[in-house]
Every structure is written in structure tokens, then in C-alpha cells.
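Take a look at the letters that make up each chain.
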Amino acid sequence: MSGGEMMWGKRPIARLRHLVYRDEPLVRTHDEAPAGKLPKLIRAMRSLAQVSGSCWQPREEIFVKQARLMERYEDDFVFEGSVTRYYPTYESLSDAELRGYFAWRTQVRKGNIAPAPLTFAMLYAYEILHLIGCRDAADGYGKLMELGAAFAVGESALDTYLPAWVYGYVIYYGLDPAYLSDSSYYHEMKLQDDAIAAVFTHGERPAGEVAEGLCALSSYRLERSKFYRAHPEEIGVVIMRVIARVSEYYEKHRKRDFSSDYLGVKYRRMVRLFPGAVFHARSPEEDRVYAVNPVRSYECAGGAWYVLAYECALKQAQRLGALLRIIDWRMREYVGFSPIKPPKKMTKWLAKIVDEEIEAFFAEKKAAEARRVRIDLSQLGRIRADAAVTRERLIVAEEEEEAAVSIWTQRPGEGISEGVSASQKETVSDTADVQPREIDLPLDAPELHLLRDLLTGAPLSWVRAEGYLLSVLVDGINEKLYDDFADAVIEGEPPAVIEDYREELTERYLHAAE
């Protein structure tokens, strides 16, 4: 017998037969439920991943089909194990883990978000991104926010991804941009966008907001400056004035515009709205544009998403930083604040603009201070007391004057006291034809009209209709009556008569006209 026959004889070959692989029952892990006990709907869901041709379907598409099938499913399975799956789908979970997830989701939908494995929270977020279990997009937004508030605390993966998903969710489903106001993911972009938009719209936003946004764009951290923290509004106004001047300079003397050198260049770049998520887009995807703000928008074209915005590169950040540093340095010198080192490089035309705008700003501020009327509130009590004394004197004087007028206006011998002498009677008789004197009114016709309307509560629509300014008429009345009352008689917005003087004004300027 040859060596081959000795090696491969019947007996050795027979001994190898037990090494042939045959069908054997699979051994289940300890946390899996027996297949026969699985609910029918879960078995049906599993089958969607096993149908012919499913191997060619993306896992995202299979996930969405399964999620729609299980949208209303509820479970009460008790799961006490732990699950760790990265970018999970239903297929990546065992039967027990899957039932545990659906049991947890059942409670979440009832308002009970219990502690659970991070994998469960990720699956739940994926479902919401596809509007699974949501009435509409707004309802889904609320569910994402609830998940973030109740579950994301301490979970680094959700802390990383969920803010970006919420931001993309608002854009994808076309919700109102107001939904982005509380987005932490959008906060930094918003600062930059607001700064750029404010410059483009010639400072329609408050200077302080613009300065804050420019700090985010700049390589010079102006927000750390002691002078800026002490005078944010002042330095913000100067920054906007300087930028307006520099922009004008670029229009006249440069081929490039100001924004491309200092703020950034506009770009169009492909973007994923849900980075790191298992997401399958709708088919067909409708072409559309979503404007987040005047300088940032998102475009869906041919099923792909693009962002259109301004990008501030390093050179723009450095150039803007040098400008802010010059302003900080020169304003400190102007007001005598603790100095900082000047920039290493500084063009003459730029330094000239900065100096001129700083000088103009402080000159205007000084002039405004000089025109400002200062009222010492501590003296108001004394002023009103003096006015009360003056009012009492005027009332006594008016009573005496009215008594004299009543005597002079009586007919001869009529109503004269028995104690009046004959000579007095004769004098009265001789002056019987004298007419009562007219009361001297210091107000002109529009001012008197306004005062009477304020006393009676009549509408003031005639003021604008006749071409007058309400504030001018009020100032004229207060100025002309100041000598009599030692105080303004009308105040407030809308204007109203001060109650302390209402009775006297009514007697003098309303009843006198009757």
C-alpha cells in the first residue's frame, strides 16, 4: 500500500466525516426572547430587512420602512440590560433590546421619559427626524426639545448631535426661523450673520449688537478689553462710524469691496442637515430655498442641500482685528484710559479716519450734554410748595378783582349797599357805561385750543390735521405759563394737565371763555 493509500484510506476518511458542517440550532444569548414569543408586528418588521433585494437598499431606507410599520406599536416588556450601539437601527438590536426600546418609547409618548440607554434616545430622535409618531413638523420640534431637556443632560453624544439636528430640522421642514432663536448651535453663526447684515444695512441694528458680532468675526478679542467693557455703547457707535467711512473709501479708491477684505466672502457649499444621524430623505425631494436671515440661506437642489453664507477667513479676521485694535487704542488715548500697545502696522488713511470719527463723536456728545436740560429732583418739593403759595395769592387777587368788576358793571343805584355815600353813588352813576375789561390771555389761539381740549378731554386729532406739532404746542404753553405757576402745567406722553393746577386752569382758561 502506497503512502497515499495509507494516509487517505477508508479509516482516515471515515474519521473526517464528523468535521463536515451541518445545520444546527442557534444558541440564543441570555437577553434574547424566544422567537416564538415575539409579537407578530416585530416579526413582520424583521422580515422587511430580509425580503429579496433588501441587501441593495441603504440601511437608512430600511429603517424608515420599519419605523413607519412600527409607528403605533406599544409594548410593556421589562428590559433591565444595557445597550451600546453606534448609529443604531432596529436591525442592530437583539429581540429583547428591541422590545425594551419600544416599551421605553411607549412611556415616553405618555410623558414619562425614564432613564434609558443612550441607544434608545438616538433611535427615538431618528424617528422624530422622519416625523414618525408626530402630528406635524411643529409637534416633532417640540418632541426633540423635550428629549434634549429631559435626556441629553450628561450624554455627550446627544449634547454633540442634537443641537445640530434641531437646527437642520427647522430648515428641512420649513418651520418659522423664530424656532432658531433658542438654538445653541445657531448662536455663533447668528452673531456673525447679524454683524455682517448690520454692516450691509448701514447700521439698522443697535451699535452694541453689531460690535458684539464683529468681536466674533475678529482675531482681536475686543470683548476682553477693559475699555470696551466699561464703554460698550460708545465704542460700538465709533466702530459703526469708522466702518461706514472705510466702506466709502473702498467704493471710491479700491476695486474690491469692504466686505471681502474685512468681513468675509460669500460661498455655496454642500452640507448635511443631520450629521451623524440615520436619515433617509423624502423622495422625490422638492427643490426649495430656506432663508435663515438676510445673509444665510439653504438651498435644496437635485436632492442635495447647499448652504449660502459668508465665510470669514483668517486674513479677514486679522484685518478686522487690526481695525478694532486701532479704535480701542485711539479711544483710550483720547479719554485718558489705561493704554495698550498700538498695532504694528497701520496705514495712514485708516488712522486718519479713526481719529476723525473719534473726535467727531466726542464733539457731538459734548454738544448734546450742553443742550441737555438737567432737573434737580430734590428741588421739586420746594418748587411745588412755592407754586401753591403763588396760587393762593393769585386766587385772592382774582376774587378782589372780580368784586371790583361786579361793582363797576352794576346799573346806577342798583344793588348798592345802603352804607354807600351819595358821592359814591354819583360816581357809580357817572361810570355806568364803562364795559368790563377783557381778561388778558398769554396763549395764542392753537395753544389755547389745545389747553382747553386737555382740560375737557376732547380729541387732539386736529393738531396734526392743521399742521401743528403736539410737542411744540405743549412746550409753548408751559413756557408762557411758567411765570404764573413756577412749574410746567402739562406733562407726560400723551400730554395731560397736572392735577394740582387743573382747577385753576379750568377757572382761568375754560370758564372765562363761557
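Heads up: the structure comes first, above all this text.
The following paragraphs examine the structure supplied in this document. (Residues numbered from 1 in each chain as written. Predicted model: local features only at pLDDT ≥ 70, side-chain atom pairs only at ≥ 80, totals over all residues. Heavy atoms only, no water.)

In the structure shown here, the tally under the stated rule is 32 aromatic pairs. Each ring, one from Phe63 and one from Tyr126, has its centre 6.2 Å from the other, and the planes form 90 degrees; the classification is edge-to-face. Remark: Tyr126 occurs in helix H6 (residues 118-129) and Phe63 occurs in helix H4 (residues 59-69); sequence separation between them is 63 residues. A residue is classified by how much of its surface remains accessible, and Tyr126, at 0% relative accessible area, is buried. Here Tyr167 and Tyr186 contribute two aromatic rings whose centre-to-centre distance is 5.7 Å and whose plane-to-plane angle is 25 degrees, an arrangement assigned as stacked. (Phe/Tyr/Trp six-rings, centres within 6.5 Å; stacked < 30°, edge-to-face > 60°. Helix = DSSP H or I, 4+ residues; strand = E, 2+ residues; numbered from the N terminus. Buried < 20%, exposed > 50% of the residue type's maximum accessible area, 1.4 Å probe, protein only.)

The next point concerns the sheet that holds strand E4 (residues 304-311). Read from one edge to the other, the open sheet built from 4 strands follows the order E1-E4-E3-E2, with strand pairing classed as antiparallel. Where the open sheet ends on each side, the last strands, each with one partner, are strand E1 (265-270) and strand E2 (288-293). Direction aside, neighbouring strands of the sheet carry axes that sit 20 degrees apart on average. Where E2 and strand E3 (residues 296-301) come together, 5 bridges link them in antiparallel fashion. Bridge assignment links Arg288 to a residue of E3, and that residue is Cys300. Across the sheet, helix H9 (residues 184-200) is in contact with E2, E3 and E4; its angle to E2 comes to roughly 85 degrees. (Pairing = 2+ DSSP bridges. Axes fitted to C-alpha atoms, helices over the stretch in contact; angles between N-to-C directions. Contact = heavy atoms within 4.5 Å.)

Let's shift gears to the packing of helix H3 (residues 40-48) against H4. Following both chains from N to C, one finds H3 and H4 inclined at 160 degrees, their axes separated by 9 Å at the closest point. Taken together, the axes of H3 and H4 lie roughly antiparallel to each other. The crossing of H3 and H4 is right-handed. Packed against H3, whose contacting residues are Leu41, Ala44, Met45, Arg46 and Leu48, the element H4 presents Lys65, Gln66 and Leu69 at the interface. For the contact of H3 with H4, a count of residues per class yields 5 nonpolar, 1 polar and 2 charged. (Parallel < 35°, antiparallel > 145°, perpendicular 65-115°, else oblique. Left-handed = near helix turned anticlockwise from the far one by under 90°. Nonpolar A, V, L, I, M, F, W, Y, C, P; charged D, E, K, R; others polar.)

Any link to function would need more than the numbers given here.
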